[in-house]
Amino acid sequence: MATPWRWAAAALLLIVWAALPPVRGFSLPLQRPADCGGDRYFDISRLACAPCGAHQRPSAGGSSCVCQPGYRMVSSNGGSSVVCEKCPENMTGVTQDGWNCITCPKGLTSEGTCKCPNNEILVERSIDGILLDEASCLHCNGSEQSFSASDASGNRCVRCEQTFINASKSCDCSSPNILTGGLCFSAAENLPPKGVATVRFAQLGITLTSAWFLKNLQSSASACWLYSNLTACQALGNMCVMNVNSLSYSSTDACGLFQYIYVNTARLGIAHSVAFWRRNLPWLYYGDRPGLASQVLEANNVPTVFSFKGTDKDVKLQFIAASFDAAGNFLKWQSLEGGILQLCPDTQTKLNAAYAFGTTYQQSCKISVSKILLDFANPIFYDLFLEYNGDNGQQYLWDVPVLNLNLQYSEMFVNQGSNMNSWLLTRRFFLVDALSGKENDLEKLPRVLRIASKITISIRLASHNQRGTIYPPLLTIAYTDVLVENPETQSVMVSFSVSYEMNQSEAQVQTDITLGVLGGLAVLWSLLKTAGWKRRTGSSIIDLQTVLKFLLFYAGDLANVFFIITVGTGIYWLVFFKGQQFVSVLLPLPSQEEDFVTYIACAFSLKALQFLQLLVSQLTVDIFFIDWERPKSRVVKGVEGEGVIKSAAAPVSIWRTYFVANEWNEIQTVRKINPLFQVFAVLFFLEVVGFSNLALMDSSSSLARSSESYIAPWSRILRFGVSAAVWLAIAGLQIIFFSVCYERFVEDKISQFVDLCCVSNISVFLLSHSCFGYYIHGRSVHGHADTNMEEMNRNLKREAENLCSQRGLLPNTDGQTFQMSISRKMRLHYDRIHETLTRRRGPARLLDSSVNTFEQSTRAYNTMNKFLSSFINHAHKEMDYIVKDKLLFERILGMEFMEPIEKSLFYSDEGQSFSDVLYYGNETTLLIFDILFFSIVDLASQSFVLAAILTYLQQEIFRFIRSTLGQKNLASKTLVDERFLI
């Protein structure tokens, strides 16, 4: 029954909603209480200024109105809801609460209330609360027994300060006594020198008189000197710290007064057996002059052991600080966890990660000056200690020295150099000082703000230890002085970091020794290569070309030396740093990694030079395909223009040569690994699996990191070590897979090319040097290869059943691949024929105009084919050759001891080393070049993804260059038309 009513109500609501104006955004002017002026107040409900009523003015807070002087309140409901009434002529003052008028016999304050002289208190009501017609001022009795004076508010009498009683036996500090900072001192006492209440801001070139120092410096120094007042001594020490501990014995500033008291109170003894810690005084300095830093930082170890894996006490740095306010009052002991020293905001987990032992921590941000003034209105001073457990379970503290980079000693910044012997270490520090920069009024904003813009805690591993002991930590702090002009728009960059270091001199010496030894071996190896190259070029003269060739060989070998050292160094730090439990090694600092990065850059530059030289040498090899096929019959054809019919040998098909040339063209850039798979696999393991996390400068060896945890900065050494190890591991697995499985059971392009040559009845004659090269014997054992499918299958079957001779160059052998060391005479004859092959590319005036260029090239091709086939068949006795095996040392050194003077030498080559003129035979060079290219890009960009992309592009670009120019060289040297190379 109620359903129709519900539908009617819904329809009515829809109509009302449709009649409402459209929803839109709203804006209002921004107004602050300070913008309201002297006759308006800030309405907290409207967030805007509103006018006060008649005879009213804004309150001190600015959020309501109060009556003007001479007027009393009749009613008040806050804001402007105030009713004021003028006081009678005979009662011009108002009570302190503002509700009543009263006669003031001793004058009025600026607020219109009654005032009293010093040491008198204002009385407006009787003891039972009845309002008096006339206010009275009662004098506080400052004589003996009472010793009372009015309090700061002037409302009651209290006992006066003890120094007044000591100096004058009363609460009056009249001459000749000295009143300073609210304390009274007798002129007869031996007071410290007159203090200079200035603060120097060296970065801005400003020295100003501080209102805080003017009020408290002399009184704190005098109370500390005369009475050893603990709070006054702490306050004096804090004022010295606000002057960044700068010392100048000719000045009586805060630090000068502190040193004066320190030197002249030796009778008080020392605290906790610390020679620098005077009893009753704060511990500010390690000595009174530079030179003790090395003893403080390196003479003793902290008596505790740290580890990467263990209890919380072992794996965390337990820093604790004693905190004081500016007046010298002790506040509390507090742990640094929770971001006490970190001005940049962050999560609790990330802030506390700074104190995980072994984790290099870096944090930086930009903070507005207005926020700093709001959060650090009053400075807090810290004495930092490292907490550790003794053998008896008792907790102990080890002092943490401070290296203040702003400290000046005799007008010199002694802490800004790297020489430890010139440092002057201190103890106490602060984060923000917004107090000493106030000139006239302590209630106003400071003129200058001093901020700890850079804080670094350095942990140094003790030398020659195996148990994770450290030297005392060092806190380095740098302050920035900010001239406060517009706090809302001003900002300052701040940073906090924790670094770990150890003495790297031993590692550097070992690296230098390794580099020297391997570099010397590289020189010898390059000399052997140069000697072998001279033998292969058939020259015995040491000329400029020989020197340049030696330098190229040495560049490649030295690149290998740098590569071995850098990879070994990277893997060493990766294994020993990440795998240790009790800390024995720490990573080099970024500044100490510069030599390592230089080694990588040298390795890449030299390897790039070797790679380019390899590319050029492969693109200039001499190659010729020897066709052994002979005509099977003769054909009858007419001679054009003569009308005569003659018989001639049937032409031999060129398609076999084209086919072999295409296969050679294809294998020119074949590698022992798949480059695309290599790049993707490396990127997968680094970024997806998480091996890149091993390069972080922390103690964790986990591959997975939580998004909530702190991510340490990268170590360039670890980053190179991880990426190089992954590259080498994946490449090694690829090479093993292709050589053991794929090439044996699926496809071996190099061996298949040799088989193809034999089936095609074509041999390959290669010259990589003037008098050295390779020979692939492809002469068919069946006599002919230009045949039909049936005969081809029959021939292959006979060969499989051993019903024919073997394929080898020598009878009854299978050796088809050889290294050639040809005689000089053979090379000269080859060049004469080869010259006619290349003349077709010369100027037209050099060509025989009576003979067609194509026919000339064909004739030269046939001449070369006939010469080389006859050479292989021992038809030229003056240019004969012998076949032999290489000696073991010849194979190891890659050179030939015998010189082919009269006869050429063919060396049996079961390893198919003709691949040395292909990518396939130079996989090591290509792989190292790829790794170094990848690493150089990664070190520059800190991005594995970008490095992988550019590495693959580099591979494809050079593969295209090698393939394109190699194809042109192949067409040029073999006379195979480039149009048939597909």
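Anything mentioned here points back to the structure above.
Small disclaimer: the values here were computed from a predicted structure and weren't measured.

Asker: Honestly, the overall build of the protein chain in this entry has me stumped. Any pointers?
Answerer: Within the protein chain, the regular secondary structure consists of 22 helices and 35 strands. By its C-alpha atoms, the protein chain is 160 × 95 × 65 Å across when sized along the principal axes. Going through the 982 residues of the protein chain one by one, you find that 47% of them count as buried. Taking contacts inside the protein chain between residues at least 6 apart in sequence as the whole, the part at least 24 apart equals 64%. When the accessible surface of the protein chain is summed, it comes to about 48,900 Å², and 57% of that surface belongs to carbon and sulfur atoms. Counting 82 positive and 86 negative side-chain charges, the protein chain places the averaged centre of each group 6 Å from the other.

Asker: Can you walk me through the packing of aromatic side chains in this structure?
Answerer: Two descriptors summarise a pair of aromatic rings, namely the distance from one centre to the other and the angle between the planes of the rings. According to the stated counting rule, one finds 52 aromatic pairs in the structure shown. When the centroid spacing of 6.2 Å and the interplanar angle of 85° are considered together, the rings of Phe929 and Phe958 count as edge-to-face. On the criterion of sequence distance, the pair formed by Phe929 in helix H21 (residues 923-941) and Phe958 in helix H22 (residues 944-974) is long-range, its members being 29 residues apart. Both residues of the pair, Phe929 and Phe958, count as buried. Counting every residue linked through ring pairs, the aromatic cluster contains Phe306, Phe308, Phe357, Tyr500 and Phe577. A cation sits over an aromatic face here: Arg536 above Phe772, 3.6 Å from the ring centre. In this structure, Lys672 packs its charged tip against the face of Tyr920, placed 5.2 Å from the ring centre.

Asker: So what exactly am I meant to see when it comes to the sheet that holds strand S33 (residues 817-821) here?
Answerer: Across a sheet, paired strands are connected by hydrogen bonds in the backbone, their directions being either parallel or antiparallel. As summarised here, the arrangement of the six strands in space is S28-S31-S32-S33-S35-S34, forming an open sheet in which the pairing is mixed. In this open sheet, the two edge strands, each paired with only one partner strand, are strand S28 (622-627) and strand S34 (881-884). On average, each strand axis in the sheet is tilted by 20° relative to the strand beside it, whichever way the strands run. In the packing of helix H13 (residues 655-667) onto the sheet, contacts are made with S28 and strand S31 (762-767), and the angle to S28 comes to roughly 145°.

Asker: It is not clear to me how the state of the cysteines should be interpreted in this structure. Could you clarify?
Answerer: Covalent bonding between the sulfur atoms of two cysteines is what defines a disulfide. Considering all chains together, one arrives at ten disulfides under this definition. Linked covalently through their sulfurs, Cys140 and Cys157 form a disulfide whose S-S length is 1.9 Å. Of note, the bridge from Cys140 to Cys157 carries an S-S torsion of about -85° and is left-handed in sense. Of the two residues, Cys140 sits in the loop between strand S10 (131-139) and strand S11 (148-150) while Cys157 sits in strand S12 (residues 157-159), which places them 17 residues apart along the sequence. Cys140 sits in the buried class, given a relative accessible area of 2%. The disulfide partner of Cys224 is Cys233, and the S-S distance across this bridge is 2.0 Å. The disulfide joining Cys224 to Cys233 has a torsion of about 100° about its S-S bond and is therefore right-handed. Accessibility expressed as a relative area gives 2% for Cys224, which makes it buried. Of all cysteine sulfurs, the one in Cys758 lies closest to Cys757, which takes part in no disulfide; the gap is 8.7 Å. The class for Cys758 is buried, based on a relative accessible area of 3%.

Asker: Please explain the nonpolar core as it appears in this structure.
Answerer: With 155 residues, the main nonpolar core has Phe319, Phe429, Leu449 and Leu475 as its most contacted residues. If one sorts the elements of this core by residue count, helix H11 (residues 544-579) sits on top with eleven residues. In this structure, Phe319 is in contact with Ser335, Leu336, Tyr355, Leu384, Phe385, Leu386, Val400, Ile457, Ile459 and Pro473, ignoring residues within four places of it in sequence. Residues Val670, Val754, Ile776 and Leu970 belong to the second largest nonpolar core, which totals 28 residues.

Asker: Is there a simple way to think about empty space enclosed by the protein in this case?
Answerer: To locate leftover empty space, one rolls a probe as large as a water molecule over the atoms. Taken as a whole and judged by the stated rule, the model has four cavities of 30 Å³ or more. Considered as a void within the structure, the largest cavity measures approximately 70 Å³ in volume. In this structure, the largest cavity is lined by Cys758, Val759, Ser780, Val781, His782, His784, Ala785, Met792, Asn795, Leu796, Glu799 and Arg807. In terms of residues, the lining of the largest cavity owes the most to one element, helix H17 (residues 789-800), which gives four residues. Per-class residue counts for the lining of the largest cavity are six nonpolar, four polar and two charged.

The rules we used
- Residues numbered from 1 in each chain as written.
- Predicted model: local features only at pLDDT ≥ 70, side-chain atom pairs only at ≥ 80, totals over all residues.
- Heavy atoms only, no water.
- Helix = DSSP H or I, 4+ residues; strand = E, 2+ residues; numbered from the N terminus.
- Buried < 20%, exposed > 50% of the residue type's maximum accessible area, 1.4 Å probe, protein only.
- Contact = heavy atoms within 4.5 Å.
- Areas by Shrake-Rupley, 256 points an atom, 1.4 Å probe, with all protein chains shown as cover.
- Lys, Arg positive; Asp, Glu negative; His and termini not counted.
- Charge placed at Lys NZ, Arg CZ, Asp CG, Glu CD.
- Phe/Tyr/Trp six-rings, centres within 6.5 Å; stacked < 30°, edge-to-face > 60°.
- Lys NZ or Arg CZ within 6 Å of the ring centre and 35° of its normal.
- Pairing = 2+ DSSP bridges.
- Axes fitted to C-alpha atoms, helices over the stretch in contact; angles between N-to-C directions.
- Disulfide = S-S within 2.5 Å.
- Core = buried A, V, L, I, M, F, W, Y, C linked by side-chain atoms within 4.5 Å.
- 1 Å grid on protein atoms, 1.4 Å probe; cavity = no way out; pocket = protein on both sides within 12 Å on 5 of 7 lines; lining within 4 Å.
- Points joined across faces, edges and corners; volume = space filled by probe spheres on them.
- Nonpolar A, V, L, I, M, F, W, Y, C, P; charged D, E, K, R; others polar.

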